[in-house]
Amino acid sequence: MGLVMGTFSVQTKPVTYHKDTADDDFEMTIVCHRPEGLDQLEAQTNFNKRELQVLYRGFKNECPSGVVNEDTFKQIYSQFFPHGDASTYAHYLFNAFDAGHTGSIKFEDFVTALSILLRGSVTEKLQWTFNLYDINRDGYINKEEMTDIVRAIYDMMGKYTYPVLKTDAPKQHVDAFFQKMDKNRDGVVTLDEFILSCQEDENIMRSLQLFENVI
Amino acid sequence: MAAGVAAWLPFARAAAIGWMPVANLPMPVAPTEKNKRQDEVIILNVSGRRFQTWRNTLDRYPDTLLGSSEKEFFYNEETKEYFFDRDPDVFRSVLNFYRTGKLHYPRYECISSYDEELAFFGIVPEIIGDCCYEEYKDRKRENAERLMDDQEDNKDAKLPNMTFRETMWRAFENPHTSTMALVFYYVTGFFIAVSVITNVVETVPCGSAPNQKEVPCGERYTVAFFCMDTACVMIFTVEYLMRLFAAPNRYRFMRSVMSIIDVVAILPYYIGLVMTDNEDVSGAFVTLRVFRVFRIFKFSRHSQGLRILGYTLKSCASELGFLLFSLTMAIIIFATVMFYAEKGSSSSKFTSIPASFWYTIVTMTTLGYGDMVPKTIAGKIFGSICSLSGVLVIALPVPVIVSNFSRIYHQNQRADKRRAQKVQKARLARIRLSKAGSSSAFLHSKRNGLFNEALELTSSTKEEQHLGKSSSLLESQHHHLLHCLEKTTNHEFVDEQYYQQSYLEGGLQNYPPRSPSLSSQDGVTGTCCSRRSKKHNTPLRNASAPAHMQPLTHPQTHHHGLQELSTIHIQPLSTSRSSLNMRIDEPAPLNCQSSQITTAIISIPTPPVTTPEGDAHLPTGPSHQNVVKVSAL
């Protein structure tokens, strides 16, 4: 088994080419990533081979170099929300996807996150969402972080909404959220509080199952 | 939505899980794929050459032939492939459009065949990428010009109902249309020639009486010449008056160059008639006769080349101006130098600087009459420098003028650029429209989709459900995503008009988005004042008759749709929001099939009572409303 794995897997090697330019200021490195083998990925995620193939085709089409940097990510995500400005939310999403904080998303990161979101257990999904909200990764969601997130979501709506968006709409939303989630009223939401509160809410539970059949 | 990112839609939808804990409302049902096929390779047989691609690739553009169900018409059951009897070379570009999202125009391809193929496959040429767009447009323009030239030869077909005036004008402008016009054309040409020759011969010395000096013929045969002149002027006058009568736009005709030439040609005669035998002004009268030579310019109506020359000179005005200016500079410089150089010598012809101008001009243009020559050594040195530089100064601007002439003669560039600018604007507008289509598509489908749900609930026939299913699966998934976002934030997407209207109604507080959006077509601008000064509100929207949007509008139903009215206004936001918030506690079912629409209020549009400016204050109570309550359950 190990032999098979060893033979078939192509190690992830970042290949960097240095352009020979006389101008030292513009030394460009073209980074090209090749992902781990299909078998390895299949073992690590909850997707089967065919689904991984479909995912990789889409991924490679948009990012031929094999990595997504933040700008490309923002661009791609903004295409789905033509009305408003999706860049802030895309920034938070990018950080959530980029588990290793390398500044770029490789196919493995992409597929790992998707595996959690689409095929993971409820706890995993909630944990992922908690990580998304916890911008500074300190284990707590405080009001400022939540306000940032909610404001980013509202930005995606754009200008032309009905009813007209008011300035304090995010704040109201955040207050409602904390009302629900913050059990011990200490001003921050921990992971346990979060998971507990979400499990109590039928709507949230139901909507988490919404995207089961996306692939 | 662009093609390539269609593959990322699953990711965007998965990421929507991040909104779920924040959302207060239940999410809409996700669209199901009725028959979820595994992605398969389909074969496109184009005149024998087989192309293969994924089915999903073609599905990216559902409004083209290959992306829609139209291709089923070309499906061959036996060979299990789609057969198209078209050009395979062009098809390559078409298929690459699906693959990469960019349409390229191959340079070797004929423009009309390319256009035909694009039209067949339902692709709008405006999407051609910037890399190939210039070339495409140039070729298209050339083609159009060629077609126009061919058409112009057939243009002179006589229209059936032309008034006498129009016929005359056409006869004047295009002499070869009828024999009458041709006769008139040659007669006037003949008389112009006669008039010019008369003017010339008038001054030739004829034979003289033996004891007198030579007299010009004009004075010898005064009567004959006078009769000739009169006849010509009469013909010219008649011609001018006829043209004036026939002209479609008389004022414009009178301002045109040709008519001014006509007037100047015949005016001296009439002035001469008026001021006869007045010795004081006879000198002036004589000079007026000079203007008779302008009759020769009337020939330009008869000669196309002359007109082009005149037009070239007019358009090369800047180059000619430069030539003149540089010559003037050089003349002044050298005249000054020569004057001071020749000052010393005796009996010098260079009496003043203006007097030296003549020498400088004659030398610089290499004429060299020799009536003024420098005598001193310094004068000779500077004189030679003058002649050498003259050659240079004149030789430099002349090729510019020549190239201008050839450029104008072959192509009318300025008109093309103007046309291209307009086309460019039109193209950008079309691209913007197609982009706007994607966002307005969501609004449309919202109305359509809910319309259909309403129909379902009123248990209408199954056929009417088809109305909403026409959008592709991709689109419906995208719309579902946007719908989820609406639910999360508890606000809806609306179009601009509706927004401005509700803005005027609702608070003056506006939620300012943080940064200008990357992909939205409208930039984030505008303050309160600019918004108010816009006169966007269409007359249909009744700004002063708010209908109540009571709690009856269930958050899941935004049922404006039965008629295209948006005269539903809300009261001050706080109440409506609280009323909406009340909904949360209700266990609203996720399934949209169950009881959704309780009632909806549709207001029939009434004519506008106030202008938008009058809406500075919030309308408080409802004025007269025509409210129709529709119960849909």
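In the annotation of an unreviewed UniProt entry, chain B is listed under the name A-type voltage-gated potassium channel KCND1 and assigned to Oryzias melastigma. Per UniProt, chain B has the following entry under Sequence similarities (unreviewed entry): "Belongs to the potassium channel family. D (Shal) (TC 1.A.1.2) subfamily. Kv4.1/KCND1 sub-subfamily."

Looking up chain A in an unreviewed UniProt entry gives the name Kv channel-interacting protein 1-like, with the organism given as Oryzias melastigma. One UniProt comment on chain A, placed under Subcellular location (unreviewed entry), says "Cell membrane". Recorded in UniProt under Sequence similarities (unreviewed entry), the annotation for chain A is "Belongs to the recoverin family."

Participant: Go over the nonpolar core with me, naming the residues and quoting the values.
Facilitator: Counting 79 residues, the largest nonpolar core has Tyr 77, Phe 81, Phe 97, Phe 110 and Met 146 of chain A together with Trp 19 of chain B as its most contacted members. The element that contributes the greatest number of residues to this core is helix H8 (residues 143-157) of chain A, accounting for eight residues. For this core, the two domains that each supply at least three residues are domain 1 (47-119) and domain 2 (121-214) of chain A. Setting aside anything within four residues of it in sequence, one finds Met 146 of chain A in contact with Tyr 133, Ile 141, Val 174, Phe 177 and Phe 178 of chain A together with Val 22 of chain B. Ranked by size, the runner-up nonpolar core spans 27 residues in total, among them Val 46, Leu 58, Leu 95 and Ile 128 of chain B.

Participant: Could you give me a rundown of the packing of helix H6 (residues 164-173) of chain B against helix H9 (residues 222-246) of chain B, with the residues and numbers involved?
Facilitator: Residue and element names in this part refer to chain B. In the contact formed by H6 and H9, the axes pass within 8 Å of each other and the chain directions differ by 125°. Between H6 and H9, the angle is such that the two are oblique. In the packing of H6 onto H9, the handedness of the crossing is left-handed. Here H6 contributes Phe 164, Arg 165, Met 168, Trp 169, Phe 172 and Glu 173 to the contact with H9, which in turn contributes Met 242, Arg 243, Phe 245 and Ala 246. Among the residues making up the contact of H6 with H9, the classes are represented as seven nonpolar, no polar and three charged.

Participant: I'd like a description of the confidence of the model for chain A, backed by residues and values.
Facilitator: This prediction gives chain A a mean pLDDT of 80; 85% of its residues lie at or above 70. Segment residues 16-28 of chain A is flagged for pLDDT under 50; beyond a separation of four residues in sequence, or across chains, it makes ten contacts in the model.

Participant: Break down the UniProt feature "domain: EF-hand" (unreviewed entry) in chain A for me, with residues and values.
Facilitator: UniProt records the feature "domain: EF-hand" (unreviewed entry) for residues 85-120, 121-156 and 169-204 of chain A in the present numbering. The span residues 121-156 of chain A is 72% helical and 8% strand by assignment, and the distance between its end C-alpha atoms comes to 28 Å.

Participant: Explain the UniProt feature "transmembrane region" (unreviewed entry) in chain B residue by residue, including any values.
Facilitator: Residue and element names in this part refer to chain B. As recorded in UniProt, the feature "transmembrane region" (unreviewed entry) lies at residues 221-241, 253-275, 320-341, 353-369 and 381-402. Taken end to end, residues 221-241 has its terminal C-alpha atoms 30 Å apart, with 95% of it in helix and 0% in strand. In residues 353-369, the share of helix is 71% and the share of strand is 0%. The end C-alpha atoms are 18 Å apart.

Participant: Can you break down the pattern of salt bridges residue by residue, with the values?
Facilitator: Side-chain pairs of opposite charge can arise whenever the charged atoms involved come near each other. All names here are of chain B. If you walk through the whole model with that rule in mind, you get 25 salt bridges over all chains. We note a salt bridge from Asp 89 to Arg 49, for which the minimum N-O separation is 2.9 Å. Of this pair, Asp 89 sits in helix H3 (residues 88-100) while Arg 49 sits in strand S2 (residues 49-54), and the two are 40 residues apart along the sequence. By relative accessible area, Asp 89 is classed as partly exposed at 35%. The salt bridge involving Glu 135 is made with Arg 139; its shortest N-O contact spans 3.6 Å. With Glu 135 and Arg 139 both in helix H5 (residues 130-155), this residue pair falls four residues apart, about one helical turn. Given a relative accessible area of 23%, Glu 135 falls into the partly exposed group.

Participant: Provide a residue-level description of the sheet that holds strand S4 (residues 81-84) of chain B, including the pertinent values.
Facilitator: All names here are of chain B. Strand order in the open sheet formed by four strands is S2-S1-S4-S3, and the pairing between neighbours is mixed. Taken across any chain shown, the strands that pair with only one partner, and hence form the sheet edges, are S2 and strand S3 (75-76). One ladder, built from three bridges, connects strand S1 (residues 41-46) with S4; its direction is parallel. Counterpart to Leu 44 in the pairing with S4 is Tyr 82.

Definitions and limits used
- The residue numbers shown here count from 1 along each chain, following its written sequence.
- Chain letters and ligand numbers both follow the written order, the letters beginning at A and the numbers at 1.
- A pLDDT threshold of at least 70 governs which residues receive local features in this predicted model, and a stricter bar of 80 or more applies before side-chain atom pairs are shown or counted, although totals over entire chains, interfaces and linings include all residues.
- Side-chain metrics in this entry use all non-hydrogen atoms of the structure; hydrogen atoms and water are not considered.
- UniProt positions are given in the numbering used here, feature names are shortened, and annotations may be inferred rather than shown by experiment.
- By nonpolar core we mean a set of buried residues, namely Ala, Val, Leu, Ile, Met, Phe, Trp, Tyr and Cys, connected to one another through side-chain atoms within 4.5 Å.
- With a 1.4 Å probe rolled over the protein chains alone, any residue whose accessible area is under 20% of its type maximum counts as buried; one over 50% counts as exposed, and the rest are partly exposed.
- The way it works is that DSSP assigns letters per residue, a run of H or I at least four long becomes a helix, a run of E at least two long becomes a strand, and they are numbered from the N terminus.
- Domain borders in the structure are assigned automatically or taken from a domain database.
- When checking whether two residues touch, look at their non-hydrogen atoms; a contact exists if any pair is within 4.5 Å.
- Lines fitted to C-alpha atoms define the axes, with helix axes restricted to the stretch in contact, and inter-axis angles between N-to-C directions lie between 0 and 180 degrees.
- Each angle is binned into one of four classes, with values under 35 degrees roughly parallel, values over 145 roughly antiparallel, values of 65 to 115 roughly perpendicular, and all other values oblique.
- Less than a right angle of anticlockwise turn of the near helix away from the far helix marks a crossing as left-handed, whereas a clockwise turn marks it as right-handed.
- When residues are grouped by polarity, Ala, Val, Leu, Ile, Met, Phe, Trp, Tyr, Cys and Pro land in nonpolar, Asp, Glu, Lys and Arg in charged, and all others, Gly among them, in polar.
- The predictor reports its confidence for every residue as pLDDT, a score running from 0 up to 100.
- A pairing counts as a salt bridge when a side-chain nitrogen of Lys or Arg comes within 4 Å of a carboxyl oxygen of Asp or Glu.
- Any two strands between which DSSP finds at least two bridges are classified as paired.

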